[in-house]
Amino acid sequence: MNVDKHISDTGYEFSIVLPVRNGGEYIKICINSILAQTVTNFNIHILENCSTDDTPAYLKSLTDPRISVHPATASLSIEKNWERILSIKRNKFMIIIGHDDYMYPGYLAAIKNLIYKYPDASLYQTHFNFIDERGEIVRNCKPMQAVQTVSDFFTETIENGGGFMMRSTDYDAVGGIPMYPNLFFADFALWLKLSRLSYKASDPGMLFSYRVHDQNTSAVSADEKYHAGFELFVNYLQDLKKEDKEFSEALNMHAINILSIYCKGLSHRLLRTPLKERNNLTVATVLKKYQGYADRLIDNNHFNFSKIRGMQLAGFIDSNMVTRNVFLLLKKLYPKPFVK
């Protein structure tokens, strides 16, 4: 594949790619935040995926010549919609933004300065915050070093955030975003692949907002895709461990922390889902699965996931029908977490 054939030679420096399906009010906020940038040499590619709300009508109302809408001819999965990114003409640098995320006015200016300061970097990012469905700040991201290798990125700041800028040629060279189910963990793998090409450079400004939503805890298909996506991500980490000695050492030191976070989160999600709605997936099976992940990623692993604080209680609650039902009743009365 000629990685240059979809790279534009226009006067624009940045391409902002925005996949959307049923964007609601969020996409209006997102696009307005892009158009408010102090750096103006960019264009916007909107991958519209057969929205059934007022998104198509809103997009038709936009008159800024920098905006191009690419409607899907039929309803696509999220994976197939994002796959279209490889086929559109993009400028030298590109960012993929969620339709519910937000840029502060100085975001592109900060990225431009980063590129001038670190021309050899393969990934650029500003600091960012997490916002809730109402747009209120939940928390800020963890502090990031100005320059990070792939091992630094993995061990210090890898978390589900946004605002990553990259070269379009690099995006094409790594094959675009991996086609993990529902794109769960695909972005993590993509950022690691890109930072591995050279290094990641970060600006200290808090100039991007990444929106987090309350999830539907009874969505079995989402849980199954989450499992499948994480399995593929672990496979990628295992391959990277074999190829990169420094990264292997980082995995040995930090994989337990990362696996513990996801193991605990998924187990507690299962507790909030009736057994009949989760295809017999249990906390015990999750513990066994993550124990296997640890054995694959960590040399001479001796960590026992059942010893994680709160996991013994979670396993006990999930072990029989009575405690499961009592827990579900208590969650209706008191929705805040009480198993930690």
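Residues numbered from 1 in each chain as written. Predicted model: local features only at pLDDT ≥ 70, side-chain atom pairs only at ≥ 80, totals over all residues. Heavy atoms only, no water.

A.B. asks: How would you summarise the pattern of salt bridges if you had to cite specific residues and measurements?
C.D. replies: The full count for this structure, using the stated rule, is twelve salt bridges. Close ionic contact of aspartate 132 with arginine 134 constitutes a salt bridge, the shortest N to O distance being 3.0 Å. Judged by relative accessible area, which is 15%, aspartate 132 ranks as buried. Its relative accessible area of 64% is what places arginine 134 among the exposed residues. Note that glutamate 136 is salt-bridged to arginine 134, the shortest N-O span being 3.7 Å. Glutamate 136 sits in the partly exposed class, given a relative accessible area of 45%. (Salt bridge = Lys/Arg side-chain N within 4 Å of Asp/Glu carboxyl O. Buried < 20%, exposed > 50% of the residue type's maximum accessible area, 1.4 Å probe, protein only.)

A.B. asks: Describe in detail helix H10 (residues 283-297), supporting the description with residues and values.
C.D. replies: Compared with the 21 Å implied by 1.5 Å per residue over 15 residues, the 21 Å span of H10 between its first and last C-alpha is a close match. Every buried residue belonging to H10 is among Val283, Val286, Leu287, Tyr290, Gln291, Tyr293, Ala294 and Leu297, and all of these are buried. Burial along H10 is one-sided: seen end-on, the buried residues are contained in an arc of 160 degrees. Those residues of H10 that are exposed and angled more than 90 degrees off the buried face are Ala284 and Lys288. (Helix = DSSP H or I, 4+ residues; strand = E, 2+ residues; numbered from the N terminus. Expected span 1.5 Å × (residues − 1). Arc of directions from axis to C-beta.)

A.B. asks: Residue-level account of the packing of aromatic side chains, with values.
C.D. replies: Considering all chains together, one arrives at 24 aromatic pairs under this definition. Where phenylalanine 130 meets tyrosine 210, the ring centres are 5.9 Å apart and the plane angle is 90 degrees; that geometry is what we call edge-to-face. Taken together, the residues span a long stretch of sequence, with phenylalanine 130 in strand E6 (residues 123-131) and tyrosine 210 in strand E10 (residues 200-211) at a distance of 80 residues. Neither phenylalanine 130 nor tyrosine 210 differs from the other in exposure class; each is buried. Residues phenylalanine 164 and tryptophan 191 carry aromatic rings whose centres are separated by 4.2 Å and whose planes lie at 20 degrees to one another, so their mutual orientation is stacked. Highlighted residues: phenylalanine 164 in strand E9 (residues 164-167) and tryptophan 191 in helix H7 (residues 186-197), separated in sequence by 27 residues. Positioned above the aromatic ring of tyrosine 236, the side-chain terminus of lysine 193 is 5.5 Å from the ring centre. (Phe/Tyr/Trp six-rings, centres within 6.5 Å; stacked < 30°, edge-to-face > 60°. Lys NZ or Arg CZ within 6 Å of the ring centre and 35° of its normal.)

A.B. asks: Which residues make up the side chain of serine 122, and what values do they have?
C.D. replies: Looking at the secondary structure, you find serine 122 in the loop between helix H4 (107-117) and E6. Residue serine 122 is classed as buried on the basis of its relative accessible area of 2%. A polar contact of 2.5 Å, which involves the side chain of serine 122, links it to the backbone oxygen of leucine 194. Within the structure, the side chain of serine 122 is placed 3.1 Å from the backbone nitrogen of serine 198, a separation counted as a polar contact. (Polar contact = N/O pair within 3.5 Å; in protein donor to acceptor, adjacent residues only side chain to side chain.)

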